[in-house]
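Structural features, examined
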Amino acid sequence: MGGREEVTGPELVELLEEGRRRERAQTRFYRRLAAEADLQGDARLSERLNELHADEQHHLSRLTARLLELEHAPAEPPASSESVSLEGWTAEARDREGEEIRWYEEALRSPLDSETRRIFEEILESERHHRRDLGGKWMSA
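In this report, we go over the structure that sits alongside the text. (Residues numbered from 1 in each chain as written. Predicted model: local features only at pLDDT ≥ 70, side-chain atom pairs only at ≥ 80, totals over all residues. Heavy atoms only, no water.)

1. Considering the overall build of the chain
A tally of helices and strands in the chain yields 4 helices and 0 strands. The order of helices and strands in the chain, counted from the N terminus, is α-α-α-α. In terms of C-alpha radius of gyration, the chain reaches 16 Å, essentially the compact-globule figure of 14 Å for 141 residues. Overall size of the chain, expressed as C-alpha extent along the three principal axes, is 55 × 30 × 25 Å. Here the chain holds 141 residues, and 45% of them are scored as buried. Within the structure as shown, the chain displays about 7,800 Å² of accessible surface, and the carbon and sulfur contribution to it stands at 47%. (Helix = DSSP H or I, 4+ residues; strand = E, 2+ residues; numbered from the N terminus. Rg over C-alpha atoms; globule rule 2.2 N^0.38 Å. Buried < 20%, exposed > 50% of the residue type's maximum accessible area, 1.4 Å probe, protein only. Areas by Shrake-Rupley, 256 points an atom, 1.4 Å probe, with all protein chains shown as cover.)

In structure tokens:
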């Protein structure tokens with residue numbers, strides 16, 4: 001790792017909490033879109049969006065579990081009143097997924113412990129699938 005020290009303690013917690021904040025925003029985004037698709041009677045789109053929601057929720061759970069393993073109580077996420085629209089959702093979702101990819105790639109440039117690195121790499125791979133396919137079910141149990 002080029003002699004750099006591992007990110008530990010407060011720096012690692014801060015990185016994991018930022019990941020959680022981002023994943024929470026994604027879960028809310030896809031859940032609201034899925035609800036909108038339900039209201040419009042589009043069952044196929046609702047299922048697709050719910051699968052994306054499930055993956056993002058899984059990412060959030062993995063990051064939360066890692067914080068708990070590090071004996072840190074996860075912060076309560078801020079409330080959100082973000083509105084969403086199915087009109088143009090694919091472009092917005094691709095942009096958002098692109099931001100997620102950039103964030104995880106940057107985070108992986110840090111000298112992380114092996115477990116956090118593994119989690120970030122798995123989530124990054126899932127986010128790449130999300131951006132490419134705008135579909136979920138990429139996370140393993």
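Moving on, there is more to tell.
2. Some details on the nonpolar core
Core analysis: the biggest nonpolar cluster contains 17 residues, and Leu15, Leu16, Leu63, Trp103, Tyr104, Leu112 and Phe120 have the highest contact counts within it. When contributions to this core are tallied by element, the ones reaching two or more residues are helix 1 (9–39), helix 2 (43–69), helix 3 (89–107) and helix 4 (114–133). One finds Leu33, Leu45, Leu86 and Ala93 within the second-largest nonpolar core, a separate group that totals 13 residues. (Core = buried A, V, L, I, M, F, W, Y, C linked by side-chain atoms within 4.5 Å.)

3. Observations concerning unusual backbone geometry
Unusually for a residue other than glycine, glutamate 71 sits at a positive phi of about 60°. For glutamate 71, a relative accessible area of 77% puts it in the exposed group. Residue leucine 134 is not a glycine yet carries a positive backbone phi of 45°. By the secondary structure assignment, leucine 134 is in the segment after helix 4. When its relative accessible area of 0% is taken as the criterion, leucine 134 is described as buried.

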